[in-house]
Amino acid sequence: MENNIAFLELKYGNIYGGFPNFFVIAEVALLVFEGRSKKIFIDTWVNKADVDYVSVYSKTNEFGHTVGRNKVVINMRTGRTRPFLEEFHVDKRALQFSFKQLRPVHMRVKNFLFDSLRKYQIDTIITFDGRRDVFLCERAGVRFGRTEIVDLQKELNKDTDYLFSLNKLSVITNFDMDGSYLRSNNLEYWLHPIAAKQLRPKSAAWDAARLLMIHNEFYEYRTDFLLRAQQLLNKIQALKEVEGEEHDHDHDEGS
């Protein structure tokens, strides 16, 4: 296989009620794009430990601009969700039970990534704001060795002088999944039904698919991409100014 490029995405969070800086990997997705054939392969690993973790996701407006953050508690084994309570703490015994459940995770993540990287002969991995993703993989024992790791958010920042979010970039590229097709402004790729089944919104595989389309739009249609990016930033700025004026107006009315 020539020209294979991989997109790495993780989902992770804290144990609910546990230490705020201890992160647990919930999902790993490696999406491989074969340059010549335009084929897409998706390998995913899902943590099935009986542990509740906190998933944090952004609420966005139509421009992909973050207007708030939501926290939800998800059980890894069942996928069941429940509301997040800030003051909730687990007792020591329950925490020890969670740690015991999570003990095999490092080995499983390590084996999963080792097998996938070898199978597809990957020498370049694309991440997005991926420092923690890479750190968590390395902590699990993954050795990236000679694999080049490129952070697309940083690459975009060099051209735009702006730190775009994945949500804004999905709006810029007009990312869409329609049945077995991934589509964006200038690109369309067919997905094998087995791969398509893994793409559920908010999953690691879904983010990897968004990352693929953003990456290819940027590198193959850069002028168009940068123009659309500027147009979106102008719209966001205009909306901020309108909201600022409304806020000032409300303030005047109230005084």
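Data block above holds the structure.
Residues numbered from 1 in each chain as written. Predicted model: local features only at pLDDT ≥ 70, side-chain atom pairs only at ≥ 80, totals over all residues. Heavy atoms only, no water.

Quick look at the sheet that holds strand β3 (residues 39–46)
Stage number 1. Pairing in this open sheet of five strands is mixed, and the strands run β3-β2-β1-β7-β8 from one edge to the other. Each of the sheet's edge strands pairs with one partner strand only, and the pair in question is β3 and β8 (148–151). Sheet twist, expressed as the mean angle between neighbouring strand axes with direction ignored, is 25°.
Stage number 2. Note: strand β2 (residues 23–34) against β3, eight bridges, orientation antiparallel. Each residue of the ladder has a partner; that of Val32, found in β3, is Phe41.
Stage number 3. On top of the sheet, helix α2 (residues 105–119) reaches β1 (4–14), β2, β3 and β7 (124–127); it is set at about 170° to β3, its chief contact. (Pairing = 2+ DSSP bridges. Helix = DSSP H or I, 4+ residues; strand = E, 2+ residues; numbered from the N terminus. Axes fitted to C-alpha atoms, helices over the stretch in contact; angles between N-to-C directions. Contact = heavy atoms within 4.5 Å.)

A closer look at the environment of Asn61
Stage number 1. Relative to the elements of secondary structure, Asn61 occurs in the loop between β4 (52–60) and β5 (66–75).
Stage number 2. It is 26 Å that separates the C-alpha atoms of Asn61 and Ala29, two residues lying 32 residues apart in sequence.
Stage number 3. Those residues in contact with Asn61, other than ones at most four positions away along the chain, are Val67 and Leu239.
Stage number 4. Within the local environment of Asn61, its side chain forms a polar contact with the backbone nitrogen of Phe63, the two atoms lying 3.0 Å apart.
Stage number 5. Of note is the side chain of Asn61, whose polar atom sits 3.0 Å from the backbone nitrogen of His65. (Polar contact = N/O pair within 3.5 Å; in protein donor to acceptor, adjacent residues only side chain to side chain.)

Let's talk about the nonpolar core
Stage number 1. With 40 residues, the main nonpolar core has Phe7, Ile40, Leu182 and Leu212 as its most contacted residues.
Stage number 2. Mapped onto this core, the elements with two or more residues apiece are β1, β2, β3, α4 (152–160), α5 (166–173), α6 (193–197), α7 (204–220) and α8 (222–254).
Stage number 3. With 10 residues, the single largest contributor to this core is α7.
Stage number 4. Apart from the residues within four sequence positions on either side, Leu182 is in contact with Ile40, Phe175, Asp176, Met177, Leu187, Glu188, Tyr189, Leu191, Leu199, Ala209, Leu212 and Met213. (Core = buried A, V, L, I, M, F, W, Y, C linked by side-chain atoms within 4.5 Å. Buried < 20%, exposed > 50% of the residue type's maximum accessible area, 1.4 Å probe, protein only.)

A closer look at the environment of Ala29
Stage number 1. Tracing the chain through its elements places Ala29 in strand β2.
Stage number 2. Linking Ala29 and Ala49, residues 20 residues apart in sequence, is a C-alpha distance of 17 Å.
Stage number 3. Not counting the four nearest positions on each side in its chain, Ala29 is found in contact with Phe7, Leu8, Glu9, Asp43, Thr44, Ala204 and Ala205.

Re the packing of α4 against α7
Stage number 1. Across the interface, α4 lies against α7 with an axial gap of 11 Å and an inter-helix angle of 30°. Here α4 lies roughly parallel to α7, going by the angle between them. At the point where α4 passes α7, the crossing takes the left-handed sense. Here Leu152, Glu155, Leu156 and Asp159 of α4 lie close against α7, whose contacting residues are Leu211, Ile214, His215, Phe218 and Tyr219.
Stage number 2. Tallied by class, residues from the contact of α4 with α7 come to six nonpolar, one polar and two charged. (Parallel < 35°, antiparallel > 145°, perpendicular 65-115°, else oblique. Left-handed = near helix turned anticlockwise from the far one by under 90°. Nonpolar A, V, L, I, M, F, W, Y, C, P; charged D, E, K, R; others polar.)

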